[in-house]
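What follows is the residue order along each chain.
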Amino acid sequence: MQRTDTQELVVLLDDEGHAVGSAPKSQVHHASTPLHLAFSCYLFDRDGQVLLTRRALHKRTFAGIWTNTCCGHPAPGESMAEAVRRRVRQELGLDIADLRCVVPDFRYYAVASDGVVENELCPVFCGVAVGPVQADPDEVMDYSWVPWEQLKVAAGLGWAISPWAAEQVALLETAGIGQHQRA
């Protein structure tokens, strides 16, 4: 992964989704966050339950919020699939089987209660978790395997999970992901 001065870089995008440069991740998220490339991942177990995580309290954006399995940013020059696998391994100690992009053009804008903005082109991936969860407490303060139906209810409430996950669950449901997600 490319870094500058030991800082993780994110890919900056123009309004059409084309890369226009990069910037340190630590400097990108603020009240006027520029559009940048990210991803969301939903992992299922062999019984079809989805792994939800609660973001660590010191995270820059949406700290302490329950969300999808893993989110992250590909480094400049890193493939999206490589980035998803890297972050899932770092945050949860898991490998992924059957990784696939199911919503390639998801884009969202969300403002946290502290005014920090998320502004991302964020393809959504799904896969099957391989191995036991070994959550990194610097990234994940809690996690839970839940039935898809419970996630749909949480997403419908709006406040129970991250705003991006609430939007993504409806798109995944439309795509037939979740209720029939068995390995």
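Residues numbered from 1 in each chain as written. Predicted model: local features only at pLDDT ≥ 70, side-chain atom pairs only at ≥ 80, totals over all residues. Heavy atoms only, no water.

**Observations regarding the layout of surface pockets**
This is how it is decided: A cavity here means a set of points on a 1 Å grid, drawn over the protein atoms and nothing else, where a 1.4 Å probe fits but cannot get out; a pocket is an open set with protein on both sides within 12 Å along at least five of seven lines, and a residue lines either one if it has an atom within 4 Å of a point. Grid points are joined across faces, edges and corners, and a volume is the space filled by probe spheres set on the points. Strands here mean DSSP runs of E at least two residues long; helices mean DSSP runs of H or I at least four residues long; both are numbered from the N terminus. Think of it as three bins: nonpolar holds Ala, Val, Leu, Ile, Met, Phe, Trp, Tyr, Cys and Pro, charged holds Asp, Glu, Lys and Arg, and polar takes everything else, Gly as well.
Taken as a whole, the largest pocket encloses approximately 550 Å³ of empty space. Taken together, 30 residues make up the lining of the largest pocket; nearest its centre are Lys 25, Arg 55, Lys 59, Arg 87 and Glu 139. Within the residue set of the lining of the largest pocket, elements represented by two or more residues are strand 2 (7-13), helix 1 (25-28), strand 6 (50-55), strand 8 (70-72), helix 2 (80-92) and strand 11 (117-121). Its residues placed into classes, the lining of the largest pocket shows 7 nonpolar, 11 polar and 12 charged.

**Observations regarding the nonpolar core**
This is how it is decided: Residues grouped as a nonpolar core are buried Ala, Val, Leu, Ile, Met, Phe, Trp, Tyr and Cys residues, joined through side-chain atoms within 4.5 Å. Note on exposure labels: buried denotes an accessible area under 20% of the residue type's maximum, exposed denotes more than 50%, and partly exposed covers the range between, all computed with a 1.4 Å probe on protein chains only. For this analysis, residues touch if any pair of their heavy atoms sits within 4.5 Å.
Membership of the largest hydrophobic core comes to 27 residues, with the highest contact counts inside it found for Tyr 42, Val 50, Leu 151 and Leu 172. Breaking this core down by element, the ones donating at least two residues are strand 5 (39-44), strand 6, strand 10 (107-111), strand 12 (124-130), helix 3 (148-157) and helix 4 (163-174). Leave out the neighbours within four places in its chain, and Leu 172 touches Tyr 42, Val 102, Val 103, Val 124, Cys 126, Trp 148 and Ile 177. Listed in part, the 22 residues of the second largest apolar core include Leu 35, Leu 37, Leu 99 and Phe 125.

**A few points about the packing of helix 3 against helix 4**
When two helices pack together, their arrangement is given by the angle between the helix axes and by the axis-to-axis distance. Which entries qualify depends on this criterion: A fitted line through C-alpha atoms represents every axis, and for helices the fit uses only the stretch in contact; the resulting angles, taken between N-to-C directions, go from 0 to 180 degrees. Here roughly perpendicular refers to angles of 65 to 115 degrees, roughly parallel to angles under 35, roughly antiparallel to angles over 145, and oblique to all remaining angles. Each crossing is labelled by how the near helix is turned from the far one, with a counterclockwise turn of less than a right angle marking it left-handed and a clockwise turn marking it right-handed.
Their axes nearest at 9 Å, the elements helix 3 and helix 4 cross at an angle of 130°. Here helix 4 runs oblique to helix 3, going by the angle between their axes. When you trace helix 3 past helix 4, the crossing you get is left-handed. The residues of helix 4 that touch helix 3, namely those facing Trp 148, Leu 151, Lys 152 and Ala 155, are Ala 166, Val 169, Leu 172 and Glu 173. Taken together, the residues of the contact of helix 3 with helix 4 sort by class into 6 nonpolar, no polar and 2 charged.

**Things to note about the packing of aromatic side chains**
Two aromatic rings, taken as a pair, are described by how far apart their centres are and by the angle between their planes. Which entries qualify depends on this criterion: Centre distance within 6.5 Å is the pairing criterion for rings of Phe, Tyr and Trp, where only the six-membered ring of Trp is used; planes under 30 degrees apart are then read as stacked, over 60 as edge-to-face, and the remainder as tilted.
Following the criterion strictly, the structure yields 4 aromatic pairs and no others. With a centroid separation of 6.0 Å and an interplanar angle of 40°, the aromatic rings of Phe 44 and Trp 148 are classed as tilted. Taken together, the residues span a long stretch of sequence, with Phe 44 in strand 5 and Trp 148 in helix 3 at a distance of 104 residues. By the burial criterion, Phe 44 is buried, and Trp 148 matches it. Taken together, the aromatic side chains of Phe 62, Phe 106, Tyr 108 and Trp 164 make up a single cluster linked through ring pairs.

**Re the pattern of salt bridges**
In plain terms, the rule: The working definition used for a salt bridge is a side-chain nitrogen of Lys or Arg within 4 Å of a carboxyl oxygen of Asp or Glu.
Scanning the model with the defined rule gives 9 salt bridges in all. Where Glu 78 meets Arg 86, a salt bridge forms, and the shortest distance between an N and an O atom there is 2.8 Å. The exposure class of Arg 86 is buried, given its relative accessible area of 12%. Sharing partners across several salt bridges, the network here consists of Lys 59, Arg 87, Glu 91 and Glu 139.

**Some thoughts on the state of the cysteines**
Put simply, the rule reads: Cysteine sulfur atoms are paired as a disulfide whenever they fall within 2.5 Å.
Per the counting criterion, the structure on display carries 0 disulfides. Free cysteine: Cys 122, not disulfide-bonded; nearest cysteine sulfur from Cys 71 at 6.1 Å. For Cys 126, which is in no disulfide, the shortest distance to another cysteine sulfur is to Cys 41 and amounts to 7.0 Å.

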